[in-house]
Structure formats: structure tokens, C-alpha cells
Amino acid sequence: MELKGLQQLFYQAMITKDADSIEALSQKIAGAKSLTPEAGLEVYRGSVIGGLTKGLISIYPVCCRLVGEEFFNATAVSYIHRFPSLSPDIGDYGAEFADFLAHFPPAAQLPYLPDVARLEWYWEQVFKGEDNKYLDIQALGAVNQEKWNDLIFSLPKNSVFFTSPYPIHRIWEVNQPDYEGSEEVSLSEGGVKIFLWRKGYDMRLELPNDEEWELLQAFAAQESFGNICGRFTNQSPPIDVPSLLPLFVQRGWIAGFSL
Amino acid sequence: MTDKIRGAGIGLRSPHYQHILIYKPAIPWFEVLSDNYFCSGGQPLDYLEKVRQNYPVTLHGVGMSLGSTDPLNLDYLTRLKDLAARIEPATISDHLAWISIGGHYLHDLLPLPYTEEALTTLTERITQAQEFLGQRILIENPSAYLLFTHSTMTEWEFISALTKKADCYLLLDVNNLHVGAVNHGYDSLEYLDALEPSRVKEIHLAGYEEKEDYLLDTHGYPVHAPVWQLYQEALKRFGPVPTLIEWDTDIPPFEIMMAEANKAGAYMEEVCLGEGRKGEEGRWS
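Residues numbered from 1 in each chain as written. Chains lettered and ligands numbered in written order. Predicted model: local features only at pLDDT ≥ 70, side-chain atom pairs only at ≥ 80, totals over all residues. Heavy atoms only, no water.

In this section: the overall build of chain B. The secondary structure content of chain B amounts to nine helices and 13 strands. Relative to a compact globule of 285 residues, whose C-alpha radius of gyration would be 19 Å, chain B shows 18 Å and is just as compact. Across its three principal axes, chain B shows a C-alpha extent of roughly 50 × 45 × 40 Å. Across the 285 residues that make up chain B, the buried fraction comes to 61%. Counting only contacts in chain B whose residues sit at least 6 apart along the sequence, the fraction spanning at least 24 positions is 78%. A total of about 10700 Å² of accessible surface is found on chain B, and carbon and sulfur atoms cover 48% of it. (Helix = DSSP H or I, 4+ residues; strand = E, 2+ residues; numbered from the N terminus. Rg over C-alpha atoms; globule rule 2.2 N^0.38 Å. Buried < 20%, exposed > 50% of the residue type's maximum accessible area, 1.4 Å probe, protein only. Contact = heavy atoms within 4.5 Å. Areas by Shrake-Rupley, 256 points an atom, 1.4 Å probe, with all protein chains shown as cover.)

Given below as C-alpha cells:
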């Protein structure tokens, strides 16, 4: 049998547990010691599925805790069937897990689960992502006042912001290994806007208020400072951008600027 | 390049970062799992760079998929090359295995038939990888839980031919050799005798798990007695080859890893000095 055909059969036997592939492969192999060929294949299948599942658990520990290991493992098998890994780096695997959960009927009783998964995926990406740069305050101070309207401020490059109709930050928080306190979270606490970024190596999960959220969106859209000030002053209710900007700088939410 | 490491090193694992950076233990070198550091920033990469300031480091990967019939993944090789430029490793290694087909990755070291076709495939791909990386790589022998009945060579014949044809080196995993020998009833000494000593540039030691019907390579236990015995046989044949203690599951405190490395170092000294095979003075530490 040619190598390519053999590897294709092996793949089918591992991922879909396809009976025809296992039968065809079994004619070509001898298992270890007293293992049958099928049992020999099962050793590898256990390792393949176990490895991919372990990779998902390492990225989605809170989801795993919320549904229990048995449920998570079964969910992982379904996910692995539907979404093959397309990268040699297992750290890249699992990007579609949140969307998968949103359409996975057995998880429908936990409507917040996909958003918790989304938070965990973003957390992982920010954690291992590019190191953020810091705002050069002196250079900003040197900008001529007449040019300020043309300034375009930028957020930390390695950052994400997203919303959820559920209090996923609280669900995530009470399911951390070092959390102490009541684990009770009521969905009536309502939704949340999250700005996730990294200051140095410290992960920051921030909860901007409505005004801050709007300003973050404007900065992310690379609007000029003059436009932002004009637009936000004229809207109802108005947002006082000049007083929010120093707060953003102090928090580290502004990482740079351009003219 | 392979003269940059000597003695018995330890696989660098995240639970030990702080211990290593604070106490700077007397370990001659560390091996890191390359794939874990393909990130563009973040604390793990910072830890690795700090460890590298004090120790030689080797890069050991699982993602080259050298036995696959797919084209080589140049994005992976580029990430590996970038990491190598950053870390300046003593060696780069991967496995005699395949992990992908049709662009889909299984992330497990899957077995190959030992045929002329597989030998040609691997030779071409290792040659291409070495040219891309600008250096010779080390290939690790697998743990085997099944054999393909249409193989025309034994594993050791295949490895000997491969290292010669591809002009690469061998990372001899003595635990894998023992697991395969027990699982398939072959003679581990015959295996060692077939290997060209000049190709063996690193040895791995780890613990396996005894299942009812076979041995499973889990890297979750201390090195077992038969593996220590086989290690001494390897030292007799190949000299004081740099040796690594691997531990990937149920990772113990650093002191236990260090005790295993010291044990390997003691065997190196005892066997190689005792056998009169020591090279230049102070060749290992």
C-alpha cells in the first residue's frame, strides 16, 4: 500500500473511527504484544483524541468546569469530528469552539457558555500575543496644540473588546482556581462590555462604562481626536472626551499616537 | 553545533520556571518544546529567554510531520527558524513520525511503515528541512504500538539508512527503544548495535506506564530500571552522549528531575570512564 493512502486511512480511523478504514488498516498491521490490530489502532486513537481534548481543556478550563469533564470530553469529540486542526501548532486549535457551542444542542441549557468560551479564547490569544508598547508621554507632550485635532490615538495592539448579554466576567471569575467567596452568579446581573488587554505580562480584564466604551470604539476606528471631540460633544448626552483622555492614558489604554 | 551541550540536561517545563530563575540549579542544559514558544510575545517566551541567558538550550519539536506525504509546512519551519534565531539553540530535533495528512493535523506521533517509499519520503523532507533551517537536525526514534506488516526493513535498519541518506543525526530515545522492544519482541541490543555511533548526538530518558497488554510511553514516571540498564549499554557503544530527562505528565518538583539527571550523569561517568571511552578531559559535567 502506498504511504499516502495508508495515512489517509489512518486519519479516517483516528478521527471518524470509520469501520471500513479500520478493517482495511487491520489487514496491514500487527499490534503490540497481545494487542489485536484494532486494539493497536485504538492506542493511537486514544492518544490523538486525548491530545486534542487536552489542548481544548487547556484553553477552555472554565467551560470544562461549568459542564464537567465527562460532558466536555464528549463535546470535544464532536468538535474534533467537525473541525479538524489545520495548524501544526496545537495552540492554534479551538478557534471555532465558541461558535460550535452556540449551535451544539446538548449545551443549549447553558446559553452563556459560548460567550464564556469566547472570553477564554481571547484570553489565550492576548496572553501569548505580541508584547504591547507604551505611550511615549514626552513625545505626546511635544505635539503642538494646533495639531491636536489631527492626532489619531491607538489602543494597545494586543487587545480585544467584546460584549455579552450575560455576566460572563463573573462566571469566569468565580470559576478561577484561586477564587475564594460565593460562587453564586445570577444571570439577572445582566450583560457586560469587556476590554481585554495585557499590561506587560499582566492580563487585564476591564469593564468600561458606556462612555468609555464609546470612546474606545472611536479610538479603535482610528478617528482623529478633533472628530471624536466634536462628535461626542454634540451628541446627547455629551461625552467629555478631554477629561476621559488622561484617564485612558493613566490606565494604559492608549498605547500610541500618530499625526 | 552538537558540541555545545554536554552531560545530563532536563526538559524545561513551565512549573519549574521560577525555581530555575531563582536558584540557577547546576544543570548543564535544558531542552524546550519548540512549539510552545511560537508565540509572538508574552511571559513564557520571556522566561525562555531568561533561562537561555544562563544555560545552553536545545529545541525539540513535534510539528514538522517529517513522515507525512503532505508538502512540508513552510510556515511552521519559518516559525521554528525565527525561534532558533532568537534562542540560538545547540540543536534542533523532531521525530520519525507523521502528524498530518491532507493539511489536517492529528497532533500525535503516528507510525510509519519501514519501506523504501517511506525512506525516500523522509530523506527528501529532512533534507529540505535542513536546507531551510541551515543546519542538520536530529530525528528521534518512535515508541511503537503497532507495526506495518508490509515493512521491508526493521526500525533500526530504517533509522540507520535514513540518518546516512539524509545526512542527519539521531536522537536516541532509550525509553522508546525499550517500549518498542517489549511491545514487539525485538532485541534492543541488536537495535543499538546496528546504529552508527557518529550519528547519535543526544539520548532521551523517560518513564513509561505498564498496561495490561503493552507498555505505554507516557513520560509521567521516573526512568524504569530496564531503561537505565539499556542506557548503560548505549553509553558503552556511543560514549557520553548528551542525555535528557523528559517528564511531561504529572510533572514532579524540580529536585526529582534533577536527581534523575544526576543519576544519568553518574552512569555517564561510571560507564564511559570505566570503559576507558572518555575523550578529552572534562568532556562531560
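That covers the picture; the talk isn't over yet.
With that out of the way, let us pick up the interface of chain A and chain B. Each side of the interface is counted separately: chain A has 43 residues, and chain B has 47 residues. Summed over both partners, the interface of chain A with chain B buries about 3800 Å², with 63% contributed by carbon and sulfur atoms. At the boundary of chain A with chain B, the tally comes to two salt bridges. A salt bridge links Asp89(A) to Arg79(B); the shortest N-O distance between them is 3.3 Å. Where chain A meets chain B, there are 20 residue pairs in polar contact (both at pLDDT 80 or more). (Buried area = accessible area lost by both parts, 1.4 Å probe. Salt bridge = Lys/Arg side-chain N within 4 Å of Asp/Glu carboxyl O. Polar contact = N/O pair within 3.5 Å; in protein donor to acceptor, adjacent residues only side chain to side chain.)

Here the focus is the domain arrangement of chain A. Residues and elements named next belong to chain A. In terms of domains, chain A is made up of domain 1 (1-128) and domain 2 (130-259). Averaged C-alpha coordinates put domain 1 and domain 2 at centres separated by 36 Å. Taken together, the 15 residues of domain 1 in the interface contact 20 residues of domain 2. On the domain 1 side of the interface with domain 2, the three residues burying the most area are Leu119, Trp123 and Val126, jointly 37% of the side's total. Taken together, the connections running from domain 1 to domain 2 amount to one salt bridge. Between arginine 65 and glutamate 183 there is a salt bridge whose closest N-O contact spans 3.7 Å. Counting every contact that joins domain 1 to domain 2 gives five residue pairs in polar contact (both at pLDDT 80 or more). Within the side of domain 1 that touches domain 2, the residues separate by chemical class into 10 nonpolar, one polar and four charged. (Domains from an automatic or database assignment. Nonpolar A, V, L, I, M, F, W, Y, C, P; charged D, E, K, R; others polar.)

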